[in-house]
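# Coordinate analysis (summary)
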Amino acid sequence: METTLPLPFLVSVAVPPGLNGIKEGLNREEVSCLGCVFFEITPGPLEKILRFLKRHNTEFQPFFDVTRLDSKDDVITLLDGGARKVFVEPEQLSEFAEFGSRVAPVVSGSNASQLASATEHGLLITDFDQTKCEVAQFIEEAKSKKITPLFIKPVAGTDLEHFIDIAAQCNAIPILPSTGLTSKEGQQEGKLPVSKILAKSWKSDRQDGLIPTVVCDENGVALGLVYSSEESVGEALKTQTGVYQSRKRGLWYKGATSGDTQELIRISMDCDNDALKFVVKQTGRFCHLEQSGCFGDLKGIPKLEQTLLSRKQSAPAGSYTARLFSDEKLLRAKIMEEAEELCDAKTPQDVAFEAADLIYFALTKAVSAGVTLADIEKSLDAKSWKVKRRTGDAKGKWAEKEGIKTATNGSTPAPLTTEAAKEPTPERITMRRYDMSQVGAAELDAALKRPSQKSSETIMNIIKPIIDDVRKNGDKAVLSYTHKFEKATSLTSPVLRAPFPQELMQLPGETIKAIDVSFENIRKFHAAQKEKPLQVETMPGVVCSRFSRPIEAVGLYVPGGTAVLPSTALMLGVPAMVAGCHNIVIASPPRADGSITPEIVYVAHKVGAESIVLAGGAQAVAAMAYGTESVSKVDKILGPGNQFVTAAKMYVSNDTNAGVSIDMPAGPSEVLVIADKDANPAFLASDLLSQAEHGVDSQVVLIAIDLNEDQLQAIEDEVHKQAMALPRVEIVRGSIAHSITVLVKTVEEAMKISNQYAPEHLILQLKDAEKVVDLVMNAGSVFIGGWTPESVGDYSAGVNHSLPTYGYAKQYSGVNLASFVKHITSSNLTAQGLRNVGEAVMQLAKVEELEAHRRAVEIRLEHMNR
Ligand SMILES: NC(=O)c1ccc[n+]([C@@H]2O[C@H](COP(=O)([O-])OP(=O)(O)OC[C@H]3O[C@@H](n4cnc5c(N)ncnc54)[C@H](O)[C@@H]3O)[C@@H](O)[C@H]2O)c1
Ligand SMILES: N[C@H](CO)Cc1c[nH]c[nH+]1
Ligand SMILES: [Zn+2]
């Protein structure tokens, strides 16, 4: 695969991580407008570079000098990450023969004889020093050898303008240091404006020297033809907008009067340097007539995208597309239905018809998620550069459905991909085994460590500015984060107030029934937790009491990132209602179309919530902790969430200005299952997987008591088989990767490990499960016996599923009625009571030298004796 450079030169920058921080020269946006970057890699871990490539690979084409890397694998990793071309030492070239023209040699110095090292893949000459070399001879030699592409990179301090001339004479592509360039014409001395390099490179056949410029939208659809000058290109780069040269009116800032402005995405030049192309993001239309571009209106897929975007902004009443945007399940069903119809289509007409339908629904999904057609094309392009090929096997359940063999059972070679968490591989999904008769406690501890979380410092650095922003800018800040994280750009208010409109809680009868049944069970169990006021006469005439009062305003966080969890709304809302909390505020991230899941609205309605905050993450926590123009401030925030939510809760609870408390640290779900030989392998596997499917950061543990190899094998087979049939198989694969099976001999041994681990959920699938409960010291919630799957606790049994994770079950309880009340104590003494206890009080006050305390008793006793 050969690359065509978008411009007749390449910009070189520091290693990628430095790119974001370039202070001088071109910044990232400007570099990306030019389409190519040349990186010299210094040895060190590649992760940063790969992360950078992943983020920006679709913005520009990366070229790398990898001569300083020692590992062939690293070079392949870069190629797989999207490097268009890498330059290696000439003697290494044969090692990379399979990658064709994407690997070319480098020679150093300006000695023309080194041109002999050229290959058909091109050549890079570094440290090209025009003062030392015989430039004329070099030019002749280069021309005669017809090496293309020939890249030349100057030594430091070279006069760039002169260097560009030399490159042009020998048809070489100059690699120019970004620090020597500027897009801000006339503003930075000693730097060469990019517009000047371009103007030097283009060949205009017009008397006025202007260059024809084709303007295209992001999908490559031509919008019109205009002209550019060195000045207009300079302005375009400086302002990152569409600026051209009108033949009659001089500089033309597109949209300055009409409002139909353009964001500049990319500038490129055609193959013989006599036309420019501007790729822009067009607002409104390009043409002065009632059509999107000068060649007419959009057609086909770009037109469909335009229609979908406008429906997303405002749809006419009864619009089917609008219905799809607001009903995730309907859209999902339609995509599946159309995919099947396409598979079944036979004639070319039917295939075209069904493919069109599928594209319509697929693009609706994309637009609803804030993804553009250009994003999809970029993703396609990026994939085409990968060198590690996937097997292309169908996922487990699809393969099984169609009776397809995978690479493991067929003869296709094993996949090279390393993206295990994303791409389904046919590898067996299994938990590592630890046999306690062979491993020590330290090794087990290490294996049972919860999946590493980002350091609290990193998370704090992310959430602190969000919290500060919400405190300062209220609703505006909350909305801006919702637009950013949830892509709900159409949302204009962060709050939905009760009474909630009926149309926002339209649900199928069976869902209403399920919520109602669960609601009632949770209500019963939590209502039974109400405590009677307590009264004790500690001494004659000394009466101590304790009574509870509801916390007035509570904020309930219902997660919505990886899965929507209306059940969490029940688990928090019902006890809040039972406790009598006056103000119940529910917060949950909205869907991309700005709406909230109808199940959550229905629960909010049932528990009498005053409002729903349509936000997630730290912004939702901050809004409830401090209050905003429209979000009510609360006294306590409860509910599970990801690391950002948990850190934000911790932060606001430590801020005395907020005056807010929290429940506990409830993070990624986890389960520990203890099983003996009576346990059913299929039941066990289903319980393990039900928590593994929550997220890749979930962990599940099986402690197997005295099982033989066949019994263990049967459980492992079930785990793999059931996992492969799950829609969230790739999440499961991620969580199972850090999950383990521990082999022990006795129940006591198993319970010791479990109490040390302090799991959020503990499942006892044992013969005498009930008896073993006595041995449980640390756990969030216990599920007893083979007929009690953990999921009954997640939804409907009545117990609460908002539980401490990460080992915090050692010191915290899960959410319960007490989480929503304060306990207040009172003392009530008679005169005799004070006589009885007074002496002790006065003596202790004396020890503490707090005389006023002592006198408060003494004065009363004196009064009695008068
Ligand atoms: N322990 C329990 O009782 C319990 C119960 C239910 C769910 N859970 C757990 O709760 C968690 C829910 O997490 P989730 O992610 O699905 O939903 P979430 O609602 O907790 O988090 C989503 C929010 O995270 C924020 N966010 C995401 N990326 C960010 C970034 N890079 N910077 C700043 N903010 C960012 C966004 O604001 C987004 O709205 C899961 O781990 C699940 O297992 C635990
Ligand atoms: N198991 C999760 C944490 O305890 C709760 C949950 C919600 N929905 C399904 N499961
Ligand atoms: Zn669950």
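Residues numbered from 1 in each chain as written. Chains lettered and ligands numbered in written order. Predicted model: local features only at pLDDT ≥ 70, side-chain atom pairs only at ≥ 80, totals over all residues. Heavy atoms only, no water.

As recorded in an unreviewed UniProt entry, the protein chain goes by the name Histidine biosynthesis trifunctional protein, listed as coming from Diplogelasinospora grovesii. Listed under Cofactor (unreviewed entry) in UniProt, the entry text for the protein chain is "Zn(2+)". (UniProt positions renumbered as here; feature names shortened; annotations may be inferred.)

This part is about helix 22 (residues 681-692). Its 12 residues give helix 22 an end-to-end C-alpha distance of 16 Å, which sits within 8% of 16 Å, the value for a rise of 1.5 Å per residue. Those residues of helix 22 lying buried are L684, A685, D687, L688, L689, S690, Q691 and A692. Packed against the buried residues of helix 22 are strand 26 (670-675), strand 27 (699-705), helix 23 (709-724), helix 24 (729-736), strand 29 (761-765) and helix 27 (790-795). (Helix = DSSP H or I, 4+ residues; strand = E, 2+ residues; numbered from the N terminus. Expected span 1.5 Å × (residues − 1). Buried < 20%, exposed > 50% of the residue type's maximum accessible area, 1.4 Å probe, protein only. Contact = heavy atoms within 4.5 Å.)

The next point concerns the packing of aromatic side chains. Under the criterion given, the structure shown has 13 aromatic pairs. Consider the rings of F63 and F151, whose centres lie 6.0 Å apart with planes at 55°: the pair is tilted. Taken together, the positions of F63 in strand 3 (residues 61-65) and F151 in strand 7 (residues 150-154) put the pair 88 residues apart, joining distant regions of the chain. Here F63 matches F151 in class, with each residue buried. Ring plane angle 70° and centroid distance 5.3 Å describe the contact between F87 and F151, whose orientation is recorded as edge-to-face. (Phe/Tyr/Trp six-rings, centres within 6.5 Å; stacked < 30°, edge-to-face > 60°.)

For the rest of this paragraph, the subject is the site of ligand 2. What surrounds ligand 2 is the set L565, S567, S669, Q691, H694, E760, H761, E790, D794, Y795 and H801. Contact between ligand 2 and H761: an oxygen atom at 3.3 Å from a side-chain N or O atom of the residue. Taking D794, its side chain carries an N or O atom lying 2.9 Å from a nitrogen atom of ligand 2. Protein coverage of the free-state accessible area of ligand 2, which is 290 Å², stands at 92%. Ranked by residues supplied to the shell around ligand 2, first place goes to helix 27 with 3 residues. (Near = heavy atom within 4 Å. Polar contact = N/O pair within 3.5 Å; in protein donor to acceptor, adjacent residues only side chain to side chain. Areas by Shrake-Rupley, 256 points an atom, 1.4 Å probe, with all protein chains shown as cover.)

This part covers the packing of helix 20 (residues 617-626) against helix 21 (residues 643-654). Helix-helix packing is described using two parameters, namely the angle between the two axes and the distance between the axes. Axis separation between helix 20 and helix 21 bottoms out at 8 Å; the angle between their running directions is 25°. Here helix 20 is positioned roughly parallel relative to helix 21, judged by the angle of their axes. In this structure, helix 20 crosses over helix 21, and the sense of that crossing is right-handed. Along the contact surface, helix 20 presents G617, A618, V621, A625 and Y626, while helix 21 presents F644, V645, A648, K649, Y651 and V652. Considered class by class, the residues forming the contact of helix 20 with helix 21 number 9 nonpolar, 1 polar and 1 charged. (Axes fitted to C-alpha atoms, helices over the stretch in contact; angles between N-to-C directions. Parallel < 35°, antiparallel > 145°, perpendicular 65-115°, else oblique. Left-handed = near helix turned anticlockwise from the far one by under 90°. Nonpolar A, V, L, I, M, F, W, Y, C, P; charged D, E, K, R; others polar.)

Now for the sheet that holds strand 15 (residues 262-269). Pairing is mixed across the open sheet formed by 4 strands, whose spatial order is 12-11-16-15. This sheet does not close on itself; its edge strands, each paired only once, are strand 12 (222-228) and strand 15. Across the sheet, the axes of successive neighbouring strands diverge by a mean angle of 25°, strand direction being ignored. As judged from the 7 bridges shared by strand 15 and strand 16 (residues 276-282), these two strands associate in the antiparallel manner. (Pairing = 2+ DSSP bridges.)

Our focus in this paragraph is the sheet that holds strand 30 (residues 781-784). A sheet is described by the order of its strands in space; here 6 strands give the open sequence 17-28-27-26-29-30, paired in parallel fashion. Since the sheet does not close on itself, it has two edges, and those belong to strand 17 (432-435) and strand 30, each with one partner. The sheet shows a mean angle of 20° between the axes of neighbouring strands, direction not considered. Sheet strands touched by helix 22: strand 26, strand 27 and strand 29. Its angle to strand 26, the strand with the most contacts, is close to 165°. Helix-sheet contacts for helix 25 (residues 747-757) involve strand 26, strand 27, strand 28 (740-744) and strand 29, and the interaxial angle to strand 27 is about 160°.

This part covers the nonpolar core. F9, F64, L78 and V86 are the most contacted members of the largest nonpolar core, which has 71 residues in total. Sort the elements by how many residues they give to this core and helix 6 (residues 160-169) lands first, with 5 residues. Leave out the neighbours within four places in its chain, and L78 touches I41, L46, I49, L50, L53, F64, V66, L69 and A83. Among the nonpolar cores identified, the runner-up in size contains 42 residues, and V554, V558, M571 and A579 belong to it. (Core = buried A, V, L, I, M, F, W, Y, C linked by side-chain atoms within 4.5 Å.)

With respect to the element layout, A528 can be found in the loop between helix 17 (509-527) and strand 19 (534-539). Along the chain, A528 and L817 lie 289 residues apart, while their C-alpha atoms are 9.0 Å from each other.

The protein atoms that coordinate the zinc ion (ligand 3) are H694 (NE2) and D794 (OD), at distances spanning 2.1 Å. Here the zinc ion (ligand 3) binds 4 donor atoms, and the angle range of 86 to 175° at the metal identifies the geometry as irregular. In this pair, H694 is assigned in the loop between helix 22 and strand 27 and D794 in helix 27, connecting sequence segments 100 residues apart. On the basis of relative accessible area, D794 is assigned to the buried category, the value being 10%. (Donors = N, O, S within 2.8 Å, 3.2 Å for Na, K, Ca; no water. Tetrahedral: all angles 85-135°; square planar, octahedral: opposite > 155°, others 65-115°.)

The interhelical angle for the contact between helix 7 (residues 194-201) and helix 8 (residues 230-239), taken along N-to-C directions, is 140°, at an axis separation of 8 Å. Relative to helix 8, the element helix 7 lies oblique. The way helix 7 lies across helix 8 gives a crossing that is right-handed. For the pair helix 7 and helix 8, contact is made by V194, S195, K196, L198 and A199 and by E230, V233, G234 and L237, respectively. Its residues placed into classes, the contact of helix 7 with helix 8 shows 5 nonpolar, 2 polar and 2 charged.

A few words on the site of ligand 1. Around ligand 1 lies a shell of 29 residues, among which E486, Y557, T562, N642 and H801 are the nearest. At 2.9 Å, a backbone N or O of G560 approaches an oxygen atom of ligand 1. The set of elements that each furnish at least two residues to the shell around ligand 1 consists of helix 16 (456-485), helix 20 and helix 21. Partitioning the shell around ligand 1 into residue classes produces 12 nonpolar, 15 polar and 2 charged.

At the junction of A498 and P499, the peptide bond is cis and its omega measures out at 0° in the coordinates. In this fold, P499 is placed in the loop between strand 18 (495-497) and helix 17. Positioned with a positive phi, K487 is a non-glycine residue whose angle comes to about 60°. As for its position among the elements, K487 is in the loop between helix 16 and strand 18. Judged by relative accessible area, which is 39%, K487 ranks as partly exposed. Phi at A758 takes a positive value of approximately 50°, unusual for a residue other than glycine. If you trace the backbone, A758 turns up in the loop between helix 25 and strand 29.

Within the secondary structure, S669 is located in the loop between strand 25 (661-662) and strand 26. Aside from chain neighbours lying at most four places away, what touches S669 is Q691, H694, S698, Q699 and E760.

Right, let's get into the pattern of salt bridges. For the structure on display, the rule yields 26 salt bridges. A salt bridge links K334 to E337, with the nearest nitrogen and oxygen atoms 3.0 Å apart. One end of the pair is K334 and the other is E337, both in helix 11 (residues 328-344) and 3 residues apart, which spans about a single turn. For R855, the salt bridge is made with E858, and the minimal N-O distance between the two is 2.5 Å. Of the two residues, R855 and E858 are both situated in helix 29 (residues 851-865); the distance of 3 residues between them amounts to about one turn of the helix. Residue R855 is classed as partly exposed on the basis of its relative accessible area of 31%. Connected through salt bridges with shared partners, the residues E851, R854, R855, E858 and E862 form a single ionic network. (Salt bridge = Lys/Arg side-chain N within 4 Å of Asp/Glu carboxyl O.)

Here E486 shows up in the loop between helix 16 and strand 18. Salt bridges are absent for the buried E486, whose nearest opposite-charge side chain, K487, sits at 8.5 Å. If we ignore the near neighbours within four places in the chain, the residues touching E486 are Y481, P589, P590, R591, A592, G616 and Q619. (Lys, Arg positive; Asp, Glu negative; His and termini not counted.)

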